[in-house]
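Here is what each chain is made of, one letter per residue.
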Amino acid sequence: VYAVLSKVTYPAMNFLVLINRQGKLRLSKWFEAKTQKERTQVVHDITQLVLPRSSKMCNVVEYGDGKLVYKRYASLYFVSGISHDENELAALQTLHLFVEILDQYFGSVCELDLVFNMPAAHYILDEVLVAGQLQEPNKRLVLASIRSADALAENIPEDQMAKKR
C-alpha cells in the first residue's frame with residue numbers, strides 16, 4: 001500500500017475547513033496568507049456552496065481561482081481548497097486519511113471531540129499536513145507520534161507547566 005501511495009502526487013491545499021451542518025466553523029487551517037475578513041468570506045462562501053448540495057452530487061465545486069473538495073462525515077463537512085491543476089481524488093484521499101486518524105485517536109470522532117479537544121485536533125492536522133502538503137501517509141506512524149507527544153505531556157509536572165506560562 002505504501003508503494004502505491006508514495007507514487008501519488010498529493011495536492012497542495014490552500015486551506016482546510018471543518019464546518020457542521022448548521023454552517024458553524026469547527027476547525028480551520030490556512031496555508032496561504034489571507035486577512036481575517038477574507039477568511040470569514042471564504043467560510044461564508046463554503047457554507048453557501050457546499051451545505052445545500054445533496055449527497056448524490058459531486059464532491060468538487062469550482063470556487064474563485066480554484067476548487068473546493070469536500071466530504072461529509074456524520075455531522076461535519078471537511079472542505080479543502082485546492083488550485084485548478086491539482087488532483088481532486090488525491091485531495092479527497094488526504095481528507096479521508098485525516099478523518100481516519102482523528103477517528104482512531106478519539107475513538108469514533110464526533111463534533112464535540114473537536115470542540116473540546118481543539119489543540120489535539122490541530123496537533124493531529126499539523127502531523128498530517130505541513131504547508132498544505134501531505135507529510136505522512138502512514139496512519140500508524142502519525143498515531144505513534146501523537147501518542148508519544150501525549151505521553152511526554154503527561155510526564156511534565158504541573159508546577160513546571162505553570163512556570164512556562
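Above this text you will find the structure in question.
Treat the numbers as computed from the prediction; the structure is a model and nothing was measured. (Residues numbered from 1 in each chain as written. Predicted model: local features only at pLDDT ≥ 70, side-chain atom pairs only at ≥ 80, totals over all residues. Heavy atoms only, no water.)

## Brief notes about a nonpolar patch on the surface
Link 1 in the chain: Where nonpolar side chains cluster on the molecular surface, the patch consists of Leu112, Val115 and Phe116 and spans about 310 Å² of accessible area.
Link 2 in the chain: Along the chain, leucine 112 turns up in helix α4 (residues 111-116).
Link 3 in the chain: We classify leucine 112 as exposed; its relative accessible area is 52%. (Patch = residues over 30% accessible without salt bridge, like charges linked within 9 Å, V, L, I, M, F, W, Y side chains within 5 Å. Areas by Shrake-Rupley, 256 points an atom, 1.4 Å probe, with all protein chains shown as cover. Salt bridge = Lys/Arg side-chain N within 4 Å of Asp/Glu carboxyl O. Helix = DSSP H or I, 4+ residues; strand = E, 2+ residues; numbered from the N terminus. Buried < 20%, exposed > 50% of the residue type's maximum accessible area, 1.4 Å probe, protein only.)

## Focus on the environment of glutamine 135
Link 1 in the chain: Mapped onto the secondary structure, glutamine 135 falls in the loop between β7 (133-134) and α6 (139-155).
Link 2 in the chain: Taking relative accessible area as the criterion, glutamine 135 reaches 44% and is therefore assigned partly exposed.

## Considering unusual backbone geometry
What you tend to see is this: most non-glycine residues have negative phi, and most peptide bonds are trans.
Link 1 in the chain: Positive phi, close to 60°, is recorded for serine 108, a residue that is not glycine.
Link 2 in the chain: As for its position among the elements, serine 108 is in the loop between α3 (88-106) and α4.
Link 3 in the chain: Serine 108 sits in the exposed class, given a relative accessible area of 55%.
Link 4 in the chain: If you check the backbone angles, alanine 131 has positive phi at about 55° while not being a glycine.
Link 5 in the chain: On the secondary structure map, alanine 131 appears in the loop between β6 (129-130) and β7.
Link 6 in the chain: Overall, the relative accessible area of 63% leaves alanine 131 in the exposed class.

## Some thoughts on the packing of α3 against α6
Link 1 in the chain: The interhelical angle for the contact between α3 and α6, taken along N-to-C directions, is 45°, at an axis separation of 10 Å. In terms of axis orientation, α3 runs oblique to α6. Considering only the axes of α3 and α6, their crossing is right-handed. Two secondary-structure elements touch here, α3 through Leu97, Glu100, Ile101, Gln104 and Tyr105 and α6 through Lys139, Val142, Leu143, Ile146, Arg147 and Asp150.
Link 2 in the chain: Of the residues that constitute the contact of α3 with α6, the class distribution is six nonpolar, one polar and four charged. (Axes fitted to C-alpha atoms, helices over the stretch in contact; angles between N-to-C directions. Parallel < 35°, antiparallel > 145°, perpendicular 65-115°, else oblique. Left-handed = near helix turned anticlockwise from the far one by under 90°. Contact = heavy atoms within 4.5 Å. Nonpolar A, V, L, I, M, F, W, Y, C, P; charged D, E, K, R; others polar.)

## Examining helix α5 (residues 118-128)
Link 1 in the chain: Turning to α5, its buried residues are Ala120, Ala121, Ile124, Leu125, Glu127 and Val128. The arc enclosing the buried residues of α5, seen along the axis, measures out at 160°, which places them on a common side. (Arc of directions from axis to C-beta.)

## A closer look at the packing of aromatic side chains
Link 1 in the chain: This structure, assessed with the given rule, holds five aromatic pairs.
Link 2 in the chain: On the basis of an interplanar angle of 85° and a centroid distance of 5.0 Å, the ring pair of tyrosine 105 and phenylalanine 106 is categorised as edge-to-face.
Link 3 in the chain: By relative accessible area, tyrosine 105 is classed as partly exposed at 23%.
Link 4 in the chain: Under the relative-accessibility criterion, phenylalanine 106 is labelled buried at 18%.
Link 5 in the chain: Among the aromatic residues, those joined into a cluster by ring pairs are Tyr73, Phe78 and Phe98. (Phe/Tyr/Trp six-rings, centres within 6.5 Å; stacked < 30°, edge-to-face > 60°.)

## Some remarks on the pairing of strand β3 (residues 60-63)
Link 1 in the chain: Only one face of β3 is covered, namely the one carrying Val61 and Tyr63; the face carrying Val60 and Glu62 has none of its residues buried.
Link 2 in the chain: With four bridges joining them, β3 and strand β4 (residues 66-73) adopt antiparallel strand pairing. The partner of valine 61 across the bridge, within β4, is leucine 68.
Link 3 in the chain: Where β3 folds back on β4, the antiparallel hairpin that results is connected by two residues, among which glycine 64 adopts a positive phi of roughly 60°. (Pairing = 2+ DSSP bridges.)

## A closer look at the side chain of aspartate 113
Link 1 in the chain: Here aspartate 113 lies in helix α4.
Link 2 in the chain: Within the buried set, aspartate 113 has no salt-bridge partner at all; the shortest N-O distance to an opposite charge, 12 Å, is to arginine 26. (Lys, Arg positive; Asp, Glu negative; His and termini not counted.)

## So, the sheet that holds β4
Link 1 in the chain: Across the sheet, which stays open at both edges, the five strands sit in the order β2-β1-β5-β4-β3 with antiparallel pairing between neighbours. Only two strands of the sheet have a single neighbouring strand rather than two, namely β2 (25-30) and β3. With strand direction ignored, the average angle separating the axes of adjacent strands in the sheet is 20°.
Link 2 in the chain: In the packing of helix α2 (residues 36-50) onto the sheet, contacts are made with β1 (13-20), β2, β3, β4 and β5 (76-83), and the angle to β1 comes to roughly 60°.

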